[in-house]
Every structure is written in structure tokens, then in C-alpha cells.
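# Remarks on the overall topology
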Amino acid sequence: MARGRATNPPARLNRSLLAVIGILLIAAALLAAGISTGQLPLVPTTSAVVPSASLPSWAAWVVAVVGIVVGLLALRWLIAQARRRPIGSAWSAEAAGPVGGRTAASSSVIADALCDDLVAHPAIADATARLTAPAPRPALYVELAVDAQADATAARAHLEQHALPRLRTALGTDTLPVELLLRTGRASQDERRVA
């Protein structure tokens, strides 16, 4: 990901939930280890953890089904983590003039230059950009954070009429598909995705 601190609430929520779940699992493991070794005498070591007479016969099946559902949800979460946007690699382009040559640059350097160009506009508080496909058919992901008082239309116009033409010229390409996430300083319902 290129320079910029534009917020990403789903990623922040994901990290927060993982931290809470991790802390709870560590605490449960320490509690279980303390009880099983006798260091935490909360339960007498001679008593059954779950008395067999108090459980109905179908309880084991319910526990098994819940375990399977939780396992499938965890697998779904892992698959979602694997489907992140590709991180750009090196950008390479052939010289089109009489003198041959090849220019190579890191995609993050190119995206950083675009972010610098974007945040120079007064309506744009922060920007994050990433080239998501290599030459000769590059694609671009841009996230713009716009202040609540600023004109979001002006920020988008700056991207489309100033920054993108300059980037296309620098990359030597006529087309550059862009996915834009525009965030305002207001509540999340004001966020809008523009393709």
C-alpha cells in the first residue's frame, strides 16, 4: 500500500476483533492450564467437569453441529483474508523512441507520487493509492479522505482531470481503470463507492 493514512474501518474492526478474540483465547488457555495443573484450585480435581446425568442425549450432537458451524465460519474468514487486493510489484515500460530502453520503478513509488499529487489539493485530506495490475494493462485503486467541509466533487474532479492524466502520461498508457473509494469526514453512510 502506498503512502497515506486514509482510514479503513473494516480492517480496523477486523484487527480489533482479532485482538479481543486472541486475548480471550489466551485467558481461557491459561485458566484451563491453571485448573488442570492444580495451580488454580477453582474446581476439585476429583469432580467431573460436566456431570453425565444432567446432559440430554442430543447435547453431544448440538455441540458437534455448533463446532462445525464455527469451523466453517472461521474458514470463510480465512478465505476472505486471502482475497485482498494484490500488492503492486515493479512497473516496467519499454521506451517508444528511436533509442531503445526500459524503465523500471516500484509500483509503490508511482503510487506515492500520485498520493503527493492528490493531497496537494485543498479538498483532499489524505490519499492512499495502489497499482493493482502490472504493465501493459495497469489498474489503479485510490482511496481519498475528504474533510467534512470540503467539496467532494472538487476532490474527484482533481483526481480525474489533473492527477490521472499526469499518471497516464508518466506510465505511457492511454487507459487506466480506476476504482475509487471516497470517504468524507461524516458518518459512514456518506461514504460512497465510485467506479
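Please refer to the structure higher up on the page.
Residues numbered from 1 in each chain as written. Predicted model: local features only at pLDDT ≥ 70, side-chain atom pairs only at ≥ 80, totals over all residues. Heavy atoms only, no water.

## Considering helix α4 (residues 152-171)
Three or four residues apart is the spacing at which side chains of an α-helix point the same way, because the helix has 3.6 residues per turn. Compared with the 28 Å implied by 1.5 Å per residue over 20 residues, the 26 Å span of α4 between its first and last C-alpha is a close match. At Ala163, α4 is bent by approximately 35°, the largest bend along its length, and proline Pro165 sits one to four residues beyond. Among the residues of α4, those classed as buried are Ala152, Ala155, His158, Leu159, Ala163, Leu164, Leu167 and Leu171. Put simply, Asp151 is the residue that caps the front of α4, since its side-chain oxygen is 3.1 Å from the backbone nitrogen of Thr153. (Helix = DSSP H or I, 4+ residues; strand = E, 2+ residues; numbered from the N terminus. Expected span 1.5 Å × (residues − 1). Bend = angle between axes of the 7 residues up to and from the residue. Buried < 20%, exposed > 50% of the residue type's maximum accessible area, 1.4 Å probe, protein only. Polar contact = N/O pair within 3.5 Å; in protein donor to acceptor, adjacent residues only side chain to side chain.)

## Some remarks on the packing of helix α3 (residues 107-119) against α4
Running from amino to carboxyl end, α3 crosses α4 at an angle of 150°, the nearest separation of the two axes being 10 Å. Classified by the angle between their axes, α3 and α4 sit roughly antiparallel to one another. Two packed elements cross with a definite hand, and for α3 against α4 that hand is right-handed. The residues of α4 that touch α3, namely those facing Ile110, Leu114, Asp117 and Leu118, are His158, Leu159, His162, Ala163, Arg166, Leu167 and Leu171. Of the residues that constitute the contact of α3 with α4, the class distribution is seven nonpolar, two polar and two charged. (Axes fitted to C-alpha atoms, helices over the stretch in contact; angles between N-to-C directions. Parallel < 35°, antiparallel > 145°, perpendicular 65-115°, else oblique. Left-handed = near helix turned anticlockwise from the far one by under 90°. Contact = heavy atoms within 4.5 Å. Nonpolar A, V, L, I, M, F, W, Y, C, P; charged D, E, K, R; others polar.)

## Comments concerning the nonpolar core
Counting residues in each nonpolar core, the largest one holds 24 residues, and the members touching the most others are Leu114, Leu118, Leu140, Val142, Leu144 and Leu159. Ranked by the residues each element gives to this core, the list is headed by α4, at seven residues. (Core = buried A, V, L, I, M, F, W, Y, C linked by side-chain atoms within 4.5 Å.)

## Let's talk about the pattern of salt bridges
Evaluation of the coordinates by the stated rule reveals three salt bridges. Put simply, Arg183 and Glu143 hold a salt bridge, and the shortest N to O gap is 3.0 Å. Taken together, the positions of Arg183 in strand β5 (residues 178-184) and Glu143 in strand β4 (residues 139-146) put the pair 40 residues apart, joining distant regions of the chain. With a relative accessible area of 6%, Arg183 lands in the buried category. Note that Arg156 and Glu160 form a salt bridge whose closest N and O atoms lie 2.8 Å from each other. Placement of both Arg156 and Glu160 in helix α4 is noted, with a separation of four residues, approximately one turn of the helix. A relative accessible area of 31% places Arg156 in the partly exposed class. What makes Glu160 partly exposed here is its relative accessible area of 38%. (Salt bridge = Lys/Arg side-chain N within 4 Å of Asp/Glu carboxyl O.)

## Thoughts on a nonpolar patch on the surface
Together, Leu18, Ile68, Leu72, Leu75, Trp77, Leu78 and Ile79 make up an exposed nonpolar region whose accessible area comes to about 660 Å². Given the relative accessible area of 40%, Leu18 is considered partly exposed. (Patch = residues over 30% accessible without salt bridge, like charges linked within 9 Å, V, L, I, M, F, W, Y side chains within 5 Å. Areas by Shrake-Rupley, 256 points an atom, 1.4 Å probe, with all protein chains shown as cover.)

## Thoughts on the environment of Thr173
Residue Thr173 is classed as buried on the basis of its relative accessible area, which comes to 12%. Separated by 36 residues in sequence, Thr173 and Arg137 have C-alpha atoms that sit 8.1 Å apart. From its side chain, Thr173 meets the backbone oxygen of Thr175 in a polar contact 2.9 Å long.

## Things to note about the environment of Gly185
With respect to the helices and strands, the residue Gly185 is situated in the loop between β5 and β6 (192-194). Along the primary structure Gly185 and Ala145 are separated by 40 residues, whereas in three dimensions their C-alpha atoms are 7.4 Å apart. Residue contacts for Gly185: discarding those within four places in its chain leaves Val146, Asp147 and Ala148.

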